[in-house]
Amino acid sequence: MSSRGCRGGWIRYLTSLALLVTSSFVIWGGFVEGIWLTIPASGTKCVSEEIQSGIVVLADYYIVDDDHAHLRTSSISSRVTSPFGNNLHHDENVTHGQFAFTTTEGGNYLACFWIGGQHQEAAGLTIGLDWKIGVAAKDWDSVAKKDKIEGVELELRKLEGSVEAILKNLIYLKNREAEMREVSEKTNARVAWFSIMSLGVCILVSVLQVAYLQRFFQKRKLI
Amino acid sequence: MWIDRRCLDVALVVSLVLTSSSFITRTSSLSVTVNEVECVYEYVLYEADTVSGNYVVVDHDIFWGSDHPGIDFTVTSPSGNNVHTKKGTSGDKFEFKAPRSGMYKFCFHNPYSTPETVSFYIHVGHIPNEHDLAKDEHLDPINVKIAELREALESVTAEQKYLKARDARHRHTNESTRKRVIYYTLAEYLLLACASGLQVVYIRRLFSKSFGYNRV
């Protein structure tokens, strides 16, 4: 980036400086980790994640500044819904926002973004979304300040947190697998039972048919 | 001359920014609904970073699930080259070394009209090498070992997320099978009873007075 700016003249230097400022804003502004999504001009873009209960969710979203005109006139709106339909967060016409909540029920959490505001963009908009759950959402700066640890010890604490999260996830996966195995075995038993019963239903219905027709013909004095 | 000096400052600021952020790992895990093409962008800070991840198509109640061709996955580097491609799968793990730093584009392409939900996880991992050690005096060799440990734990976490997504897909299939077993069997019994009822009605009509039973 910097070598490109050095080779050219004023304009190139300014461009590289603008890029540097943007990238350092992205890196220093706290919006470090995250993906970019494109929101279509009309309609909503939704992202979801299946989260178990009792997990902290922390998210930041912001409009990515492709050119300065966008930043001034456009705004996004967002809504976050829980799996049971409760509205956890709702924002209209902002350029950046954040939401944080602790999940109370396990299921699919949905975050939807759409372009709000009067100015309808002809093309879509790019937003950056920084979505952290569980141990990644933990505020390590406050832990470091509280316990007065830093450097290598802080890194090792983070690794310890990561290992605990892995263990919790493993137990969760094991429980899910056990639930699914029960459903599978019940379905397996039902398939066998229903197939035999279908044979029984077939025989029953044909016996009823024959009995009814016999009675019918006897009444008509044909037999 | 004046521009060269400014360029030096810019280079200094850039290197300061990059080295101070050497402990940052980037992780994103989400699900998106793919109608035709959905692209997700992720920034890779350093060249030769390992970008790893996985994606799973969560079953969307397609009737003939096994006939579905799957979705295509492509990764494009900031210079427009295709870094990684996988066509026609319902889920995969990927890993590659980023040829350069910049904004990478991860695209899912759905060749069919039914929308699919894709659950993906992207992780950009950086291990400081001797070059970074020489540049920043705050980095010890122990930081390299910690970074390696962190990357190993991240790979375990990535595998767990992949398993979780696959488990979700399996659960959808199981639920669908359970529902199909119950409803299709009930429908089958009802249809059987209806068919035999219709048979009886038809035979009755054949022998009714208006037809004349000596015709039969």
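Since the model is a prediction, treat every value here as computed from it, not as a measurement.

Quick notes on the sheet that holds strand E6 (residues 96–102) of chain A
What links the strands of a sheet is backbone hydrogen bonding, and the strands pair in either a parallel or an antiparallel sense. Strand order in the open sheet formed by eight strands is E6(A)-E3(A)-E8(A)-E1(A)-E2(B)-E7(B)-E4(B)-E5(B), with antiparallel pairing between adjacent strands. Each of the sheet's edge strands pairs with one partner strand only, and the pair in question is E6 of chain A together with strand E5 (82–89) of chain B. Mean inter-strand twist for the sheet, computed between neighbouring axes without regard to direction, equals 20 degrees. In terms of strand pairing, strand E1 (residues 35–39) of chain A meets strand E8 (residues 125–133) of chain A through five bridges, oriented antiparallel. Note on E8 of chain A: the bridge partner recorded for Thr 38 of chain A is Thr 126 of chain A.

Topic: the packing of helix H5 (residues 152–219) of chain A against helix H3 (residues 141–206) of chain B
Where H5 of chain A contacts H3 of chain B, the two axes come as close as 9 Å, and the packing angle between them is 10 degrees. The orientation of H5 of chain A with respect to H3 of chain B, classified from their angle, is roughly parallel. Residue composition of the contact of H5 of chain A with H3 of chain B, grouped by class: 33 nonpolar, 14 polar and twelve charged.

Some details on the environment of Ser 162 of chain A
Relative to the assigned elements, Ser 162 of chain A resides in helix H5. Along the sequence, Ser 162 of chain A and Ala 136 of chain A sit 26 residues apart, while their C-alpha atoms lie 8.3 Å from each other. Every residue in contact with Ser 162 of chain A, bar those within four places of it in the chain, is listed here: Val 135 of chain A together with Leu 153 of chain B.

About the thresholds
- Counting starts from 1 at the beginning of each chain's written sequence and moves along it residue by residue.
- Just so you know, chain letters begin at A and ligand numbers begin at 1, following the order they were written in.
- Given that this is a predicted model, residues contribute local features only at a pLDDT of at least 70 and side-chain atom pairs are listed and counted only at 80 or more, while totals for whole chains, interfaces and linings are drawn from all residues.
- Processing note: side-chain calculations cover all non-hydrogen atoms of the structure and skip hydrogens and water entirely.
- What makes two strands pair is DSSP finding at least two bridges between them.
- The numbering of helices and of strands both runs from the N terminus, where a helix is a DSSP run of H or I of at least 4 residues and a strand a run of E of at least 2.
- Only the contacting stretch of a helix is used when fitting its axis, a line to C-alpha atoms as for every element, and angles between N-to-C directions run 0 to 180 degrees.
- In these notes the angle categories are as follows: under 35 degrees is roughly parallel, over 145 is roughly antiparallel, 65 to 115 is roughly perpendicular, and the rest is oblique.
- Ten residue types, Ala, Val, Leu, Ile, Met, Phe, Trp, Tyr, Cys and Pro, are classed as nonpolar, four, Asp, Glu, Lys and Arg, as charged, and the remainder, Gly among them, as polar.
- Whether two residues are in contact is decided by their heavy atoms: any pair within 4.5 Å suffices.

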